[in-house]
Structure formats: C-alpha cells, structure tokens
Amino acid sequence: MTRLRITIDPVACDAYGYCAELLPEAITLDEWGYPIIADGPLPGELVDLAKRAVRDCPKRAITLRENKRG
Amino acid sequence: MTRSANPTRPQGDVHRLLGHPTDLKGHIDAHGPLHVSLGRDRSWQQGLMTSLEASGLTGRGGGAFPTSIKATLACSGGTGGTVVVNAMEGEPCSDKDKLLLIRAPHLVLDGAQYLAALCRADRIVICIPIGRDSVAAAVSHALDERTRQRYTRVQEVVVRPPDRFIAGEESALTNWIESGRSLPVFRPDKGTPLRIGRRAALVHNAETLAHVALIARHGPGFFRSRGTSEEPGTCLVTISGDVHHPGVVEVDHGTPLSDIAVLSKPVGLVQALLVGGYGGAWVGPGQFATPYASIPLRTIGASAGVGIIAVLGDTSCGLAETARIARYLADQSAGQCGPCHFGLPAIADDLARLVRGHGGRDTLTRLHRRLQEVNGRGACRHPDGAVSLVRSALTVFAPDLAAHGRGEPCHHWHKVTTLRFPRPIRI
C-alpha cells in the first residue's frame, strides 16, 4: 500500500472515462460515465498506471495526492 | 476577555439579536462605541481571538464550524484581505438573515469590523442578493448613519450577487466577487483559506457576525450564559410550513425541536419536521424531543443547517413534498459536476415515480444506488444536502413509501404544497 490517493476534480471532469479503462481496480464509472474512486489508499502496483491516468486525462481532472488519513 | 469587553449584560437579554436597537444611536447607547484596534496590535488581536475561542461560537450559515478556527485560518492568509458578510440566505424557507439585517444591521456590521481588525482586512463586502431591496435599503441606511457619524473603521460596501440557491456557497461567493461567476470552486483541501485575488477572504454568515459583535463587547461568559455548555448561545430559527404563525424566533441552543415548533402554532397534528432546510433532514415524531443543536441533531442524522424548521401537518404527503424539494434542488444545481448535474434530476425522477405509485421495488433500489453514488461527489456540498434530505424521507415516511409502492398513493400527494419555493415546482 502507498500513501497516495486519486482525486478527481469534478468540475473539470467531462466523463471521457479513460481513467476507468486504465485502472478498473481503482476506478469505476457511474451510470453517466463519471468516475467513482475506490475507498482507501492506492495499492502500490497501481501507482504507475495511476500516473499514466493523470497524464492521459484530456481534462487534466486527476491528481495523485498524499493520503492524510494514511 | 478582550480589553474592550464590557462585562455588563445588555438589557433585555431574552432576544439578544432580534431585540437589539435598529438605529446607530440606540446601538451605541446599548453598547458604547466601537473599540477596534487597527494595525499591528498583537495583544488586542490575541485578546479578541481568545474571547472567540472561549465563547465556543460556531458558524450559523450551515457548517457549524468554529468561528475562531476560521478566523485563525484567514489570519494566516496575510493582511489586506476582505471580510465577506454572507446574507445570501438561498434557502427558500429561511428569513433569519433578512430579518436580522433589517432589525439590527449595526450588530452584523460591527461583527465584520471586529473580524476585519482581527485579521487586518481592509474592506468589508456585504452580499445581499438582487431582488431583496428592502434588506439592501436597510443596510444602506445603516451605512449612511455610520459614515455620517464617522463610526466605521474599515470601509463597508454592499454588493448584489444573483439570487440563486447556490450563490451563497462560500467559494461561489468569493468567485463571484472576484470574477462575476457565481459558481462553487473545487477545493481539494478545505483547510486552505479562501481568497479573492491574492488576498485572504473571510466569509461569515450575517448571524455569526452579530454574535461576534456581542462577544467582542461583552465577553465569552455573556455568550455562554445561554444555550448548552457544548453549544452555547442563542440562535435564530425560521419556522414555516403547516403553522398559523410562520416567522423567525430566537431560541437557546439545545431547546427541544417540539418546543420551537409550537411557538408558531402548528395546524393540526404534526407528522414530521424538516430541520435544517432543503439540504437538511426530516425528523419524525419519535425524535421531536431532540435538542436543537448540531451534536444531538447529528446523532439522529440531521443538522441544524441554516436555522430552519418546517412543519409538515398530517394532511400533507411527506414523499410528495420531498419530491418537490428534490426537483427544486436539481434545478438549482450549478451544473458544473456530472454527478450533481445528472444525478439530482435522476433522483427527483425516481421520487416522482414512487410518489405517483408508478415505481415499484426496482425504482426504490435504483434510487438507493443513486443516492449512494451521488453523495460527496460534487465540488460543493449541494448534492450531499439533497442526498441527506431524500434519505431521511425514505426512513421517516417509510409506511407511506410502502403504500405508494403498492400502487396505493395517499390522497394528499397532489395537495398544494405548504413549503416555500421561489416558483411552483412540478413533480
């Protein structure tokens, strides 16, 4: 486990859904196509994919943040 | 105690806010002149901050956040900032801030002056929505009095943002002041102080500021002499709905909900109380004895919100009223965040189907899933308020829900609503 957490800026997000394709273990989509982030810190093996999701998001809506709650 | 604190109790402490003199002369007679220390006066500032902390004052705009912590955060944002007086009062069932600014404008403005001096802000912006001209006129009159008598220390100006439910959300308000866009801003870290441009912004509800003015002058002990030890002070509550005498009352924190509701003389039997406004929660008869204060209300899944109790009589349909509120909240979404923009109308549709007796178990299951999914997924808490309200309705009106679900809707659902909406709502 890492101390990283995926955060979506809901104002910026336009439901492209690339993040959920890259990270189905951590991100699912609601019925309108907007991402829902799984609870808890991001598993270590997903960090590289998460960084790619940050880069690939067309709306720059994803950030990786330190999880303050550990 | 601050050095300017006057330990005497002002007369007529029953209605410390609403009973306060309206004109500046009466205000000064009751409290003496405004003692604020501008510039860098650490001991004065420390004294006021200690008083605010000791008073236990929490925000009266819905968040119930400790005022002293909010002030500390704003002070960390540097000098030359803005104190924003939030009198937007977007909840259709609320009248308390309008009434307070008409009855006791100097109390609210003085609270803003104290906080401006505390955080070394250099302007005060009073936000009154377009259309509320009687409130704006009362405040303008008060500002004229203050200017004429050279009473004011920091500049005070009135601005008129649009009259929408969401416009008073604090980041929407600072955003509007800065850019003219009345839209909430996504802030991943709520601990960072709000800003207008590069300067700190300290946004406070009008009622909170009135309490600040009294605490600064009479000390924290005065404030704490009313209310409960955990949640001291008085508060303003607007009572509406199925009552003979709707209006604003000033009560002690911790007064049982039922004791507040009877002040407005409910019509017939009371089926439920809507507590905290349209982003609040329904409370059933089994919990009418709950003290009106954030902590006890939280334990029953409600919140004090912005000081609202709406009474639902036994000839109204709680589900239909909730469907109307859900539709209204959906219409009032800023439309920026997908889950709120699409989710709230979908939730309102599900409720409308259930109310009409067209929705079965599948509709209810889908509604529960949507409530779960929409909660907490907006930039602001608008969708969360809607979710809280609908969830409480599904619990409090569970027997009605079962009857409507069997295709046997009650006879009251098409009755004209007794709740307040800016325009008629079709469900």
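Turning our attention to the sheet that holds strand β1 (residues 82-86) of chain B. Residues and elements named next belong to chain B. Taken together, the five strands give an open sheet; going across it, the order is β3-β2-β1-β5-β4, and neighbouring strands pair in mixed fashion. Each of the sheet's edge strands pairs with one partner strand only, and the pair in question is β3 (155-159) and β4 (195-196). Inspection of the sheet shows β1 paired to strand β5 (residues 199-205) by five bridges, in the parallel sense. Across the sheet, residue V83 finds its bridge partner in β5, namely L202. Packed onto the sheet, helix α7 (residues 170-179) meets β1, β2 (123-127), β3, β4 and β5 and runs at close to 120° relative to β1.

This part covers the environment of H31 of chain B. Residues and elements named next belong to chain B. Its place among the elements puts H31 in helix α1 (residues 24-31). According to the C-beta neighbour criterion, H31 is buried, with 22 such atoms within 10 Å. Here the alpha-carbon distance between H31 and H218, two residues 187 residues apart in the chain, equals 8.6 Å.

Turning to helix α5 (residues 105-119) of chain B, a few remarks are in order. Residue and element names in this part refer to chain B. Along its 15 residues, α5 runs 21 Å from first to last C-alpha, staying within 8% of the 21 Å computed at 1.5 Å per residue. When you tally the buried positions in α5, you get 15 out of 15 residues, the bulk of the element. At the C-terminal side of α5, R120 shows a positive phi close to 55°.

Residues and elements named next belong to chain B. Pairing is mixed across the open sheet formed by five strands, whose spatial order is β7-β6-β10-β8-β9. Sheet topology places β7 (247-252) and β9 (281-283) at the edges, where each strand pairs with a single neighbour. Shown here is a sheet whose adjacent strand axes are inclined to one another by a mean of 30°, direction ignored. One ladder, built from five bridges, connects strand β8 (residues 270-275) with strand β10 (residues 308-313); its direction is antiparallel. Of the residues in β10, the one forming a bridge with L274 is A310.

So, about the interface of chain B and chain A. Listed by partner, the interface residues are eleven residues for chain B and eleven residues for chain A. Here the side of chain B that touches chain A is composed, by residue class, of six nonpolar, three polar and two charged.

Residue and element names in this part refer to chain B. In terms of residue burial, β10 counts as a mostly covered element, since five of its six residues are buried. Alignment of strand β6 (residues 234-241) against β10, held across four bridges, turns out to be parallel. Paired with G241 across the two strands is V311, which belongs to β10.

With that settled, consider the environment of L236 of chain B. Residues and elements named next belong to chain B. Mapped onto the elements, L236 comes out in strand β6. Along the chain, L236 and I308 lie 72 residues apart, while their C-alpha atoms are 8.5 Å from each other. If sequence neighbours within four positions are ignored, L236 has contacts with L17, K96, L100, E207, V248, E250 and G307.

Turning next to helix α13 (residues 361-374) of chain B. Here α13 of chain B contains 14 residues, and its C-alpha end-to-end distance of 20 Å stays within 8% of the 20 Å for a straight helix at 1.5 Å per residue. As for α13 of chain B, its buried residues are in contact with β3 (35-37) of chain A together with α12 (338-356) and α14 (382-396) of chain B. Positive phi appears at G376 of chain B, one or two residues downstream of α13 of chain B, with a value of about 75°.

Residues and elements named next belong to chain B. Considered domain by domain, chain B is made up of domain 1 (13-224), domain 2 (234-313) and domain 3 (318-405). Distance between the C-alpha centres of domain 1 and domain 3: 34 Å. With nine residues of domain 1 at the contact, the number on the domain 3 side is six residues. Classifying every residue of the side of domain 1 that touches domain 3 gives six nonpolar, one polar and two charged.

Residue and element names in this part refer to chain B. This prediction gives chain B a mean pLDDT of 93; 97% of its residues lie at or above 70. Here residues 1-9 is modelled with pLDDT under 50, and outside its nearest four sequence neighbours on either side it reaches 22 contacts, counting other chains as well. The complex model carries a pTM of 0.93, and its ipTM stands at 0.93.

Once that is clear, we can look at unusual backbone geometry. Most of the time, phi is negative for any residue but glycine, and the peptide bond is trans. All names here are of chain B. In this structure, E89 takes a positive phi of about 40° despite not being glycine. Structurally, the position occupied by E89 is in the loop between β1 and α4 (96-103). With 30 C-beta atoms packed within 10 Å, E89 lands in the buried category. Although it is not a glycine, K265 adopts a positive phi angle of roughly 55°.

Quick notes on the rules
Residues numbered from 1 in each chain as written. Chains lettered and ligands numbered in written order. Predicted model: local features only at pLDDT ≥ 70, side-chain atom pairs only at ≥ 80, totals over all residues. Pairing = 2+ DSSP bridges. Helix = DSSP H or I, 4+ residues; strand = E, 2+ residues; numbered from the N terminus. Contact = placed C-beta atoms within 7 Å. Axes fitted to C-alpha atoms, helices over the stretch in contact; angles between N-to-C directions. Buried ≥ 20, exposed ≤ 12 C-beta atoms within 10 Å, placed from the backbone. Expected span 1.5 Å × (residues − 1). Nonpolar A, V, L, I, M, F, W, Y, C, P; charged D, E, K, R; others polar. Domains from an automatic or database assignment. pLDDT = per-residue confidence, 0-100.

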